[in-house]
Amino acid sequence: MEEMPRQLIDAARQGSERALARLISHVEDRRPGWKDAMKAMYPHTGRACVIGITGSPGAGKSTLVSEIALRLATSGLTIGIVAVDPSSPFSGGALLGDRVRMRGISAASGVFIRSMATRGVLGGLCQAAKDVVRIMDFARKDVILIETVGVGQDEIEVVGAADHVMLVTFPGGGDGIQAIKAGVMEIADLFVVNKADRGGADETASEIAAMLELSSEGQAGKPPVFTVSALNGDGLTDLTAALRGYINRKKAGPVLEQAHVRREILGILEREVTCLIRERVASNGNMEACIARIMAGTSDPYTAADEIIALFAPASRIKGGMP
Amino acid sequence: MVHDSKIRVLIAKPGLDGHERGAHVVAYGLRDEGFEVIYTGLRQTPEQIVSAAIQEDVDVVGLSVLSGAHLSLTSKVMAGLRAKGADDVLVLVGGIIPEEDRKALQEQGVSGVFTAGSSIKDIAAFIRSRVRTGE
Amino acid sequence: MREGKKKIEQAARRWEAEVLKPRLERFNLEKSPTTFHTPLTTNGSRFLEKVGFPGQYPFTAGNHPFEFWRAHAKTAALFGFRPDWGGAGGVGKYGGFGTPADYRDYLLRMQSMGRRGGPNIAFDLVTQCGFDSDSPYAEGEVGRVGVAVDSLRDFSVIYEAYTGELDIDRVPSNFTINAPAAVIIAMYACLAKKRGIDLARLKGTPQNDILKEFIARGTYIFPPGPSMRLFRDTCVFCCRHMPSLNINSIGGYHIREAGATRTQDLAFSLANGIAYLEAGIEGGLAVDEFAPAFTFNAFGGSMEIYNEIAFQRAARRMWARILKERFHARDPRSMMIRQPITAHIGCSSTTLQRSLNNLARAVIGGMAAGMSGGIPGAYPPFDEPLGLGHSQEAVQLQLDATRIMIYEAKVADVCDPWAGSYFMESLTDRTEEDALAELEKVERMGGAVAAIENGYMPRAVAKSAYERQKQIEAQEELVVGVNCFTGANEIDVSINRVVEATYDPELMKTAEERQKASLARLKRERDGRAVTTSLNNLKGHARDHDRNLMPAICECVENDATLQEICDVLREVFGEAQPVKL
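A brief report on the enclosed structure follows. (Residues numbered from 1 in each chain as written. Chains lettered and ligands numbered in written order. Predicted model: local features only at pLDDT ≥ 70, side-chain atom pairs only at ≥ 80, totals over all residues. Heavy atoms only, no water.)

## What to know about the sheet that holds strand β2 (residues 79-85) of chain A
Residue and element names in this part refer to chain A. The strand order across the open sheet formed by seven strands is β4-β2-β5-β1-β6-β7-β8, and the pairing between neighbours is parallel. What marks the edges here is a single partner per strand, and that holds for β4 (111-117) and β8 (225-227). Strand-to-strand twist across the sheet, computed as the mean angle between neighbouring axes with direction ignored, equals 20°. (Pairing = 2+ DSSP bridges. Helix = DSSP H or I, 4+ residues; strand = E, 2+ residues; numbered from the N terminus. Axes fitted to C-alpha atoms, helices over the stretch in contact; angles between N-to-C directions.)

This is the structure in structure tokens:
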């Protein structure tokens, strides 16, 4: 028995966790009516402050996220957390274990955690995560924290779409610095060296500060670097204060950026068009015919792609050659 | 439209019992059977488990108990799910469950009991046979 | 042995060509399903270096020429003693339930039925996890898998069963407690003080093996680093004040049961042991002062009899070498692995299907033990997987199987019967090499604590457990009655079982309420200011890493601070352990 999205939308807006959770599944699974649901919610969104959190494995992101969430929640803010983990490329399944590290958050604290698998195959993790964030925003969450393992391009894009990006590393983890070099640095607004209880954190922090000095030459304002211990709470007050600054600024009014809107439309289209093509070629036998020709040596994958595109847009001038 | 639907399973350890072997094996196994598995970790209260099941919108909750406290812990989880209107969630129990307690668990609303020696394939098949997939 | 290597090599090649090959061809096999071993298998016969005599370095052949129980074996048979040889060696029966008064009454009843020996106390999970009975976490768990202990008053109530000729300077106590071991050891010391007994006369063993909790058993409280500081403090305290008390009981048993391979079990146990040795040294002790007070609970076991024999031999040799070469121990007692159980099959080898077969399985474990320096105990009772609690019948069969191995089969009449076997010596070498490679991997990460903090050891064990499951499901590993021989022609065989309700179910029902009431009474009656002062003092000491916490914990305990109050102070300073993400 499937509830109508309409009912779910109303209930989620009124604070039903169950409705919010089901709505997310509905959209994540791309079940019939998902897009209409998003259209209905869109006008009521844009209020929440979205913070992306990434960093190398072992940096203690989940523990940190849960500590931050608890601190913000006690000051009366409503919090949503999206924890992204990779799907298995072999089975399509996933083992989502971030809740293990978020045990401090009890049922009563009003924090909504949703684990999300990358699901991969159809691409567009970024859009799927944006949808989930938007639904939480619609359900009146003030702050939404998205956590990913900062390894794949997909994951980097996910946090990149947030209002602010926090990069978490830890002392001694040589790959902590490596991850920064891998291109996340440019999008991060604040840096956190976690696990300060273990020593060596100050060295790591000054190393990062030095790197920022180099890269931000000539620009106004360098991103701040915080040294914290999610384990014993050191430094979390300062970090949370910085986040409150972001949250208050966002409350002053939602800001739409042209570039973001453009990227989002393209993102939705990419996924939609891919789905459409896959569905069509799978059902009308075109794909099998192309494969057979290539196997027989009478065609090639490039020609096949052109032929399939021509079926959709006969008038289009998309061709493989140079313009 | 192409669906991208997955069966979601919450594997939970209620109470203070710290033996995780069964929970780990089932979590890995169901992932490799194509499910999205959310693992709660140790020392979860029934309230925390119910809350996680609701937020994650899972189709299945698997409880692993080896301390002998399965009857009381399970009944609290069942009551919590009912109270939140989530009684359509399939609940399975694993661990050390004496034969004579199976019936009591079933009367509480537990759909399946899987003790030592159960195969992942059987658990996966059981779940697939009971859970609709997003149609 | 004048044959020479070359001659044997020639003979081996001839045998392969003339005997083995035709046989393989006849059965259409690529590879022989068996192996055969010759002097070529072993890399020379350095007997003294690798095996030596029982009771001498490197202890491969055994800790002693014969164990204490072997000396008494004949007497036991003639006079009909019932020593618990099938299970936990010489210690008293492991137990505990309900409130301290419930458990005390139970112990008194057992004593009136002739049971002697000290208690082997199981604590409830609430106590094991550092909570009091009135904590929200305690709901439904109070007194369930062990006795509830919130305070010194509780601890003293249990020991009301041990006075006179059974006083605590006469009988040893075992405490299955890890994360809050320091608090329980402090209670034991305070109890002795109250009774006017010299601490130096206290005997017994606290499990005090926190590292394996992170890897396998899950009842941890504080992060690994501070946990090891607590271990250091108990180690120094026991060594200085309670020299007759063992310091710990290191367990590979739980690690293997949690799914570790044989190699991981051995390597991780030794890595943990090394971390404990280093902690004692950090505390300012000389190795020979405290290493003889280390014990091992048991390593893990499996059905693979040859491998388990080699495992025990390799373990003894490796530990001895680590102590001698790395820690420069000189006292042979520092170098011995002292453990009540040696080889066994492990509870995870038992099957629910056709469960009487577990008796046959347990005998194989007993044979492995008897042939590798231990009591040939047919552990566990066959009904282990049927639920919590063994039947009288299963325990009788277990004891008899052990006796049959000792008296009829005379398994324990030869010390290290496999010594010098080409096959066993090479298998022992290989077991050692594999474990050494894994141990080195852990050491490269920075040792056991680092390999727990970065998640390596717990994750490796979880993955091995899953691998084993996949092997069984793919029929790469065969388990009779589980994934083979399950057809319609097989029949199940069962016998009547009487599971004694060890503990009164009516008492169990009310234990939680009664324990909470007595805790509330304690909190009303005690001197609140003294509690606060001593807890604050503990907090100050906890912040100073170099300070031994035992005096401050003893002070808290004496002032009737509760176990959770003490742990909460430490939680505040140390933080709490974070579980590993798979």
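Read on for the rest.
## Some thoughts on the environment of Gln475 of chain C
The topology assignment puts Gln475 of chain C in the loop between α20 (456-473) and α21 (505-525). Polar contacts involving the side chain of Gln475 of chain C include one to the main-chain carbonyl oxygen of Asn483 of chain C, which spans 2.7 Å. (Polar contact = N/O pair within 3.5 Å; in protein donor to acceptor, adjacent residues only side chain to side chain.)

## Some remarks on the interface of chain C and chain B
Between chain C and chain B, the contact holds 34 residues from the first and 28 residues from the second. Of the roughly 2,600 Å² buried at the junction of chain C and chain B (both faces included), carbon and sulfur atoms supply 59%. For the interface between chain C and chain B, the tally reads one salt bridge. The shortest N-O distance in the salt bridge between Lys76 of chain B and Glu139 of chain C comes to 3.1 Å. For the side of chain C that touches chain B, the secondary-structure elements that each account for two or more residues are α6 (125-128), α9 (210-217), α11 (253-257) and α20 of chain C. It is α20 of chain C that provides the largest number of residues to the side of chain C that touches chain B, a total of nine residues. Tallied by class, the residues present in the side of chain C that touches chain B amount to 16 nonpolar, seven polar and 11 charged. (Contact = heavy atoms within 4.5 Å. Buried area = accessible area lost by both parts, 1.4 Å probe. Salt bridge = Lys/Arg side-chain N within 4 Å of Asp/Glu carboxyl O. Nonpolar A, V, L, I, M, F, W, Y, C, P; charged D, E, K, R; others polar.)

## What about the side chain of Ser64 of chain B?
Inspection of the secondary structure puts Ser64 of chain B in strand β3 (residues 60-65). Not counting residues up to four positions away in its chain, the partners in contact with Ser64 of chain B are Ala12, Lys13, Pro14, Asp17, Ala23 and Gly94 of chain B.

## Structural notes on the packing of aromatic side chains
For the structure on display, the rule yields 27 aromatic pairs over all chains. An aromatic cluster is built from Phe155, Tyr159, Tyr162, Phe175 and Tyr188 of chain C, whose rings are joined through pairwise contacts. The ring of Trp34 of chain A has Arg30 of chain A lying over it, and the distance from NZ or CZ to the ring centre is 3.7 Å. Looking at Arg256 of chain C, its charged tip hangs above the ring of Phe311 of chain C, at a distance of 5.0 Å from the centre. (Phe/Tyr/Trp six-rings, centres within 6.5 Å; stacked < 30°, edge-to-face > 60°. Lys NZ or Arg CZ within 6 Å of the ring centre and 35° of its normal.)

## Examining the interface of chain A and chain B
With 37 residues of chain A in contact, the opposing surface of chain B contributes 37 residues. Interface area, chain A with chain B, both sides summed: about 3,300 Å², of which 46% is carbon and sulfur. For the salt bridge of Glu36 of chain B with Arg119 of chain A, the shortest nitrogen-to-oxygen distance reads 2.7 Å. Our count for the chain A to chain B interface comes out at 20 residue pairs in polar contact (both at pLDDT 80 or more). Elements with a contribution of two residues or more to the side of chain A that touches chain B: α2 (17-28), β3 (94-96), β4 and α10 (258-284) of chain A. By the bridge criterion, three bridges tie β3 of chain A to strand β2 (residues 36-39) of chain B in an arrangement that is parallel. In the strand pairing of β2 of chain B, Ala94 of chain A is matched with Glu36 of chain B.

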